[in-house]
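Spelled out, the chains give:
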Amino acid sequence: MSRTRTALALGMAAAAGLSAASVTASAAPLPLAGSTTVTPAGDSFKATLSGKATFKAGSVTVTCTVSVATGTVPAAPGNTNPAGAVSSPISPPTYTSCTSSMWGVTPTVTTSGSWSVSMQNGAPATATMTVPVGGLVVHTTGLATCTVTAAPATSANVPGSWTNGAPSSLTFTNASVPVTVTGGFGCPTSATTSTFNAVYLVSDTTDPAQQITVGP
């Protein structure tokens, strides 16, 4: 084969390869987030724990039966995002009436910083709670003195699901949260994540006859 024909063949092969790569790259585009609207715009809401919230780090589980957070749906047009989630700042959730799976140990949960929740319409709709750096700390006293700090290095996004209803609900099922654990004997110091479970009922406090709803 002549040099000219060889160069032509190589050029055609290279062009075919580039064309095939382009088809492959365009065949699997990244999914786009759908539109989201949270209503009623501008209304305040209250998220109240239903049942119990659990934090499990290693073999130790802390269970709390009282938890509340408050927030406000963004005013229009901020309550609508044509290509993604709608985010709202919330108060740091309070956690009280807490017990530990370790005998003789009393836990205390403190929260601080700028928390938020973002809602994304879908099937199912989702809600992601953002914990700021060091925004949740569990401290135990008694037979074991331990400190568990959530989101120790950077803020953490805790994934949950949203269900419209009367009232609507926000559910966290085995959500993983990065933690550091310090302390002595009995403390799960090797744990780097905590598993969080909770269900919150979300009510409209501006107009109790209305429901906080996530839609397209």
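Look up a bit, the structure's there.
Conventions and cut-offs
Residues numbered from 1 in each chain as written. Predicted model: local features only at pLDDT ≥ 70, side-chain atom pairs only at ≥ 80, totals over all residues. Heavy atoms only, no water. Disulfide = S-S within 2.5 Å. Helix = DSSP H or I, 4+ residues; strand = E, 2+ residues; numbered from the N terminus. Pairing = 2+ DSSP bridges. Phe/Tyr/Trp six-rings, centres within 6.5 Å; stacked < 30°, edge-to-face > 60°. Buried < 20%, exposed > 50% of the residue type's maximum accessible area, 1.4 Å probe, protein only. 1 Å grid on protein atoms, 1.4 Å probe; cavity = no way out; pocket = protein on both sides within 12 Å on 5 of 7 lines; lining within 4 Å. Points joined across faces, edges and corners; volume = space filled by probe spheres on them. Nonpolar A, V, L, I, M, F, W, Y, C, P; charged D, E, K, R; others polar.

Engineer: Sorry, what's going on with the state of the cysteines here?
Structural biologist: By definition, a disulfide is the covalent link that joins the sulfur atoms of two cysteine residues. By the definition in use, this model includes 2 disulfides. Between the sulfur of Cys-146 and that of Cys-187 lies a disulfide, 2.0 Å long from S to S. What sets the handedness of the Cys-146 and Cys-187 disulfide is the S-S torsion sign, and at about -90° it is left-handed. With Cys-146 in strand S12 (residues 146-150) and Cys-187 in the loop between strand S14 (168-183) and strand S15 (193-204), the pair connects residues that are 41 residues apart, well separated along the chain.

Engineer: So what exactly am I meant to see when it comes to the sheet that holds strand S5 (residues 80-81) here?
Structural biologist: Sheet strands associate in pairs through backbone hydrogen bonding, adopting either a parallel or an antiparallel arrangement. Read across the sheet, 3 strands follow the order S5-S1-S16 without closing on themselves; strand pairing throughout is antiparallel. Whereas interior strands pair on both sides, the edge strands pair on one side only; in this sheet they are S5 and strand S16 (213-215). Here strand S1 (residues 36-39) pairs with S5 via 2 bridges, running antiparallel. Among the inter-strand pairings, Thr-37 is bridged to a residue of S5, identified as Thr-80.

Engineer: Even after reading the chapter, I still don't get the packing of aromatic side chains, so can you show me in this structure?
Structural biologist: What characterises a pair of aromatic rings is the spacing of the ring centres plus the angle enclosed by the ring planes. Tallied over the full model, the rule gives 3 aromatic pairs. Judged by centre distance (5.2 Å) and plane angle (80°), the ring pair of Phe-55 and Tyr-95 falls under edge-to-face. Residue Phe-55 is located in strand S3 (residues 53-57), and its partner Tyr-95 is located in strand S7 (residues 94-100); the two are separated by 40 residues in the primary sequence. Across this residue pair, the class does not change: Phe-55 and Tyr-95 are buried. Through successive ring pairs, a cluster of aromatic residues spans Phe-55, Tyr-95, Phe-172 and Phe-196.

Engineer: How should I be thinking about empty space enclosed by the protein in this particular structure?
Structural biologist: It is a probe the size of a water molecule, rolled over the atoms, that shows where empty space is left. Scanning the entire structure with this criterion turns up 2 cavities of 30 Å³ or more. If you trace the largest cavity, you find 22 residues lining it, with Phe-55, Leu-136, Val-138, Val-148 and Ser-194 closest to the centre. Elements with a minimum of two residues in the lining of the largest cavity: S3, strand S4 (60-72), strand S10 (125-131), strand S11 (136-142), S12, S14 and S15. Its residues assigned to classes, the lining of the largest cavity shows 18 nonpolar, 3 polar and 1 charged. As a volume, the second largest cavity reaches approximately 150 Å³.

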